[in-house]
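# Examination of the molecular architecture
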Amino acid sequence: MAYLNNQQQVQISMGGQHEIIPLQRMTTREEATERQRIRDIFDKYDKNGTGLLSIQELKRMINHRRCPDLPKGFVKKLHKQADQNNDGQLDFEEFYQMSREHQYLFRDMCVRYCRLVVPSRNPAVADEPDGEYERSMTFCPPPLTMIIFSIVEIIFFAIDIVKTNNQLGTSTNGPMATLFIYNPQLRQQAWRFVTYMFVHIGFMHIVMNLLVQIFLGVALELVHCWWRVALVYLAGVLAGSMGTSIFSPRVFLAGASGGVYALITAHIATIIMNWSQMEYAIVQLFVFLVFCVTDLTVSIYNSFNDPFDKVGYIAHASGALAGFLVGIGVLRNLKVNPWERKLWWFAVTIYFLLMGGGIMYHIFYPNHFYPVFA
């Protein structure tokens, strides 16, 4: 008797013996690639190098690969089922057969998510969940930079709500807002050019910024290391306040939108720098560009037609420009082409010229800023 299971396999039962045959057979090359992928996983969790996996090592593998919560005793039953010679441990062949029957255990959801946000760098292995790009991701150190920034922002927001008794979080009179918001009348307090990112006005303001910076920032951090992503984010924050100070010298500034836009355009930068190694690069570039252009266009339009609109579109645009330039400068580039070296020098030079020019303008042309408050 034969019947189908949910693993796209046929199970044949004859004389009390069962044999599982995959319906979708792999080619010799595909199988060799798959066996090497599983071998890498096997060797990783064979901590003592014996060529055998114990129940504890199998459980560690399942936990590390972020599978959903499994029923109690599942790992032990799975191990016993895969242990064909009943020696209490799995050799590679037993482990490989188990991987074919229980493929969901070898699909890391975090890897899948990151492949959606930051695409594969190597089309030849783009369909493999543990290809070249995925192997470049690391959880050590863990991607905590954007999470830590987000926690600080939430704490500051909560403190201001409690101290001002404003349940909507729209007050700018709280202790955190008073001390850290970018106040154009207090430009001499230089820390405000950066610390305004910790202050948010209203729940929607903070929620939108947190969602974008966590989902995009963590994905970048897994590949490009925490300090590179932190540089991109802080460069966007600083550029946001610098641009606002010069072009809208009356405007107060709160929120991490400059840094958030820097993360968005940093994705555009990494797509451009890895264009030939990236799957569906043009589609992803189109999506990010449409989002940025649409949002900036709407913000600029509202600022001219709605006198009550308080969105700092200059901070958005400045942060986006900084994220693109700094992203080209500091994010990883797997294969460097000659034209990319030139683009790197161009981006780094333009960023430092713009930032240096902004600082000099503040120092040598103070009359541009202060008379507006007279």
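Residues numbered from 1 in each chain as written. Predicted model: local features only at pLDDT ≥ 70, side-chain atom pairs only at ≥ 80, totals over all residues. Heavy atoms only, no water.

### A short note on the side chain of His-224
Secondary-structure assignment places His-224 in helix α10 (residues 203–224). Of the residues examined, His-224 reaches a relative accessible area of 0% and is grouped as buried. (Helix = DSSP H or I, 4+ residues; strand = E, 2+ residues; numbered from the N terminus. Buried < 20%, exposed > 50% of the residue type's maximum accessible area, 1.4 Å probe, protein only.)

### Side note on unusual backbone geometry
Note: most peptide bonds trans; most residues except glycine with negative phi. Residue Asn-165 is not a glycine yet carries a positive backbone phi of 55 degrees. Along the chain, the position of Asn-165 falls in the loop between α7 (145–164) and α8 (175–180). For Asn-165, a relative accessible area of 65% translates into the label exposed. The phi dihedral of Cys-225 falls on the positive side, at around 80 degrees, and the residue is not glycine. Within the fold, Cys-225 resides in the loop between α10 and α11 (226–247).

### Regarding the packing of aromatic side chains
By the definition in use, this model includes 9 aromatic pairs. Centroid distance Phe-156 to Phe-198: 5.5 Å. Interplanar angle 55 degrees. Geometry classified as tilted. On the criterion of sequence distance, the pair formed by Phe-156 in helix α7 and Phe-198 in the loop between α9 (192–195) and α10 is long-range, its members being 42 residues apart. In this structure, Phe-156 and Phe-198 share a single accessibility class: buried. Judged by centre distance (5.1 Å) and plane angle (25 degrees), the rings of Tyr-361 and Tyr-365 are stacked. When its relative accessible area of 30% is taken as the criterion, Tyr-361 is described as partly exposed. Clustering of aromatic rings is evident, with ring pairs tying together Phe-149, Phe-156, Phe-180, Phe-198 and Tyr-233. (Phe/Tyr/Trp six-rings, centres within 6.5 Å; stacked < 30°, edge-to-face > 60°.)

### Let's talk about the packing of α10 against helix α12 (residues 257–273)
Where α10 meets α12, the axes come as close as 9 Å, and the angle between the chain directions of the two elements is 35 degrees. Between α10 and α12 lies a crossing of left-handed hand. Taking contact as the criterion, the partners of His-205, Asn-209, Val-212, Gln-213, Leu-216, Gly-217, Leu-220 and His-224 in α10 are, on α12, Ser-257, Val-260, Leu-263, Ile-264, Ala-266, His-267 and Thr-270. Grouping the amino acids of the contact of α10 with α12 by side-chain chemistry returns 7 nonpolar, 8 polar and no charged. (Axes fitted to C-alpha atoms, helices over the stretch in contact; angles between N-to-C directions. Left-handed = near helix turned anticlockwise from the far one by under 90°. Contact = heavy atoms within 4.5 Å. Nonpolar A, V, L, I, M, F, W, Y, C, P; charged D, E, K, R; others polar.)

### Structural notes on the packing of α12 against helix α14 (residues 313–330)
The description of two helices packed together rests on the angle between their axes and the distance between the axes. Where α12 contacts α14, the two axes come as close as 6 Å, and the packing angle between them is 40 degrees. In terms of crossing hand, the pair formed by α12 and α14 is right-handed. On α14, the residues that touch Ser-257, Gly-258, Tyr-261, Ala-262, Thr-265, Ala-266, Ile-268, Ala-269, Ile-272 and Met-273 of α12 are Ala-315, His-316, Gly-319, Ala-320, Gly-323, Phe-324, Gly-327 and Ile-328. In terms of residue class, the contact of α12 with α14 is built from 11 nonpolar, 7 polar and no charged.

### Section: the side chain of Ser-257
Position of Ser-257 among the secondary structure elements: in helix α12. Side-chain polar atoms of Ser-257 contact the side chain of His-316, separated by 3.5 Å. Those residues within four positions of Ser-257 in sequence are excluded, and the remaining contacts are His-205, Asn-209 and His-316. (Polar contact = N/O pair within 3.5 Å; in protein donor to acceptor, adjacent residues only side chain to side chain.)

### Brief notes about the nonpolar core
The biggest cluster of nonpolar side chains holds 40 residues, and the ones touching the most others in it are Met-197, Val-232, Tyr-233, Leu-263 and Tyr-351. Where this core is concerned, the elements lending two or more residues are α7, α8, α11, α12, α14 and α15 (338–364). With 8 residues, α11 is the largest single contributor of residues to this core. Excluding residues that lie within four positions of it along the chain, Val-232 makes contacts with Ala-262, Leu-263, Ala-266, Gly-323, Val-326, Gly-327, Val-330 and Leu-331. (Core = buried A, V, L, I, M, F, W, Y, C linked by side-chain atoms within 4.5 Å.)

### Thoughts on the environment of Ala-230
Relative to the assigned elements, Ala-230 resides in helix α11. Ala-230 sits in the buried class, given a relative accessible area of 9%. Here the alpha-carbon distance between Ala-230 and Leu-263, two residues 33 residues apart in the chain, equals 9.6 Å.

### Things to note about a nonpolar patch on the surface
A cluster of nonpolar side chains, Phe-203, Met-204, Val-207, Met-208, Leu-211, Ile-214 and Phe-215, forms an exposed patch at the surface whose accessible area comes to about 660 Å². Note that Val-207 resides in helix α10. Residue Val-207 is classed as partly exposed on the basis of its relative accessible area, which comes to 37%. (Patch = residues over 30% accessible without salt bridge, like charges linked within 9 Å, V, L, I, M, F, W, Y side chains within 5 Å. Areas by Shrake-Rupley, 256 points an atom, 1.4 Å probe, with all protein chains shown as cover. Salt bridge = Lys/Arg side-chain N within 4 Å of Asp/Glu carboxyl O.)

### Some words on the confidence of the model for the chain
The predicted structure's coordinates, where accompanied by low pLDDT, should not be read in detail. Per-residue pLDDT for the chain has a mean of 76; in total, 71% of the residues score no lower than 70. The weakest mean pLDDT in the chain belongs to strand β1 (residues 2–4) at 36; the strongest belongs to α9 at 95. The low-confidence segment residues 1–25, where pLDDT is below 50, has 37 contacts with residues more than four positions distant or belonging to other chains. Across residues 118–134, where pLDDT falls below 50, the model places 53 contacts with residues more than four positions away in sequence or in other chains. (pLDDT = per-residue confidence, 0-100.)

### Details of the pattern of salt bridges
All told, the structure shown has 2 salt bridges when counted by the stated rule. Ionic pairing is found between Asp-43 and Arg-39, a salt bridge with its closest N-O pair at 3.5 Å. On the criterion of helical spacing, the pair formed by Asp-43 and Arg-39 is a turn pair, its members being 4 residues apart in helix α1 (residues 28–45). With relative accessibility at 30%, the residue Arg-39 sits in the partly exposed group.

### What about α1?
Taking 1.5 Å per residue as the helical rise, α1 with its 18 residues ought to reach 26 Å, and the 26 Å between its terminal C-alpha atoms agrees with that figure. Buried within α1 are the following residues: Glu-34, Arg-37, Ile-38, Ile-41, Phe-42 and Tyr-45. One side of α1 carries all its buried residues, which in axial view fall inside an arc of 140 degrees. Residues of α1 that are exposed and angled more than 90 degrees away from the buried face: Thr-28, Arg-29 and Lys-44. (Expected span 1.5 Å × (residues − 1). Arc of directions from axis to C-beta.)

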